[in-house]
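# What the coordinates show
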Amino acid sequence: MIVTLSNKIAGRTPTMITGASTDLPGNVTNPDFSHIYVSSDTQRLTMSFGVVDACDHIAVAGLNIKGNGNGTSRVRVTDAGVLIRTVNVTDDQVVVIPFPQQSFTDLRIGLYKETGIGNPSVAYVSAGLSFEVPNGGEQAGYNRQFLARNNTNKTTVSGLAAPISQLRKKKQAKGKLSIPNATKEFSETTYQTFLDFASSNLFFINETEGTYPSTFSGTNPSCYLCYDLGMNAVTAHGSTRNLNVINFDFKVFNGL
């Protein structure tokens, strides 16, 4: 499990290589999801962010590229035309693409929508560094938010209690991550950097590495965007002063 702790392209305005439209390019780095960017191309949207220093992932959220849902739609990351990694999608999931840390001459993020109603669009794009959660990641009982459908239903019923009509609405989801045996070094360095970032920025969680048969294809459905960092506590370990118990909670958007 990795958690992101920086965004090197926050506030940047990309150049739209494919799909330039009348929307503001800066919409894609604006954390306000009421501002989106819709491509003028029916299938593609390619964004160029130019020179970006050390990154180990890119992330995109607020997509509409699932197409026919057979996995032919995709998100790709390239550097000056060199393909680094691809994630194929079957729904409008949040996508995180991890890769070995590198600097970019020209960071480009491309969306491809195989088919479907509406041109490709995106609400938020991020790129930066992340940390691997110590001790194997999440603990038993952790809520796997990438598998959830966060909806509420209000149903009108007949006199026989049979459903007549149903109103479905998305609801806000909540998450909590526990790290029970964190070292003092991690607690006092990496975790503090994360708290400083997450207190005022959106961040992402990627639960598994994903599967990448080649640079042209891959899957990684275990991702979601997090916001509103809430309660965060570092408490003394019950057995030794050399370890700490970390807990923090947050709100979740998974795009589903």
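Everything that follows concerns the structure shown earlier in this document.
Residues numbered from 1 in each chain as written. Predicted model: local features only at pLDDT ≥ 70, side-chain atom pairs only at ≥ 80, totals over all residues. Heavy atoms only, no water.

The next subject is the sheet that holds strand β11 (residues 124–128). Read across the open sheet, the three strands follow the order β8-β5-β11; overall the sheet is antiparallel. Each edge of the open sheet is held by one strand with a lone partner, namely β8 (95–104) and β11. Strand-to-strand, the axes of this sheet are offset by a mean angle of 20 degrees, without reference to chain direction. In this structure, strand β5 (residues 52–61) lies alongside β8, joined through six bridges in antiparallel fashion. In the sheet register, I58 faces β8, and the bridge partner there is I97. (Pairing = 2+ DSSP bridges. Helix = DSSP H or I, 4+ residues; strand = E, 2+ residues; numbered from the N terminus. Axes fitted to C-alpha atoms, helices over the stretch in contact; angles between N-to-C directions.)

Even without a glycine there, the phi angle at A80 is positive, about 50 degrees. Examined against the element boundaries, A80 turns out to sit in the loop between β6 (73–79) and β7 (82–89). Taking relative accessible area as the criterion, A80 reaches 47% and is therefore assigned partly exposed. (Buried < 20%, exposed > 50% of the residue type's maximum accessible area, 1.4 Å probe, protein only.)

Turning our attention to the packing of aromatic side chains. In this structure the tally under the stated criterion is 13 aromatic pairs. Their ring planes at 15 degrees and their centres at 6.3 Å tell us that Y124 and F204 sit as a pair that is stacked. In this pair, Y124 is assigned in strand β11 and F204 in strand β16 (residues 203–206), connecting sequence segments 80 residues apart. Here the two residues Y124 and F204 agree in accessibility, since each one is buried. Members of the aromatic cluster, connected to one another through ring pairs, are F131, F186, Y191, F194, F203, F248 and F250. (Phe/Tyr/Trp six-rings, centres within 6.5 Å; stacked < 30°, edge-to-face > 60°.)

The element β11 is extensively covered by neighbouring structure, given that five of its five residues are classed as buried. In β11, alternate side chains face the same way, and those of Y124, S126 and G128 on one face and V125 and A127 on the other are all buried. The pairing of β5 with β11 spans five bridges and is antiparallel. If you follow V60 over to β11, its bridge partner there is V125.

Remember that the coordinates give geometry; whether it matters functionally is a separate question.
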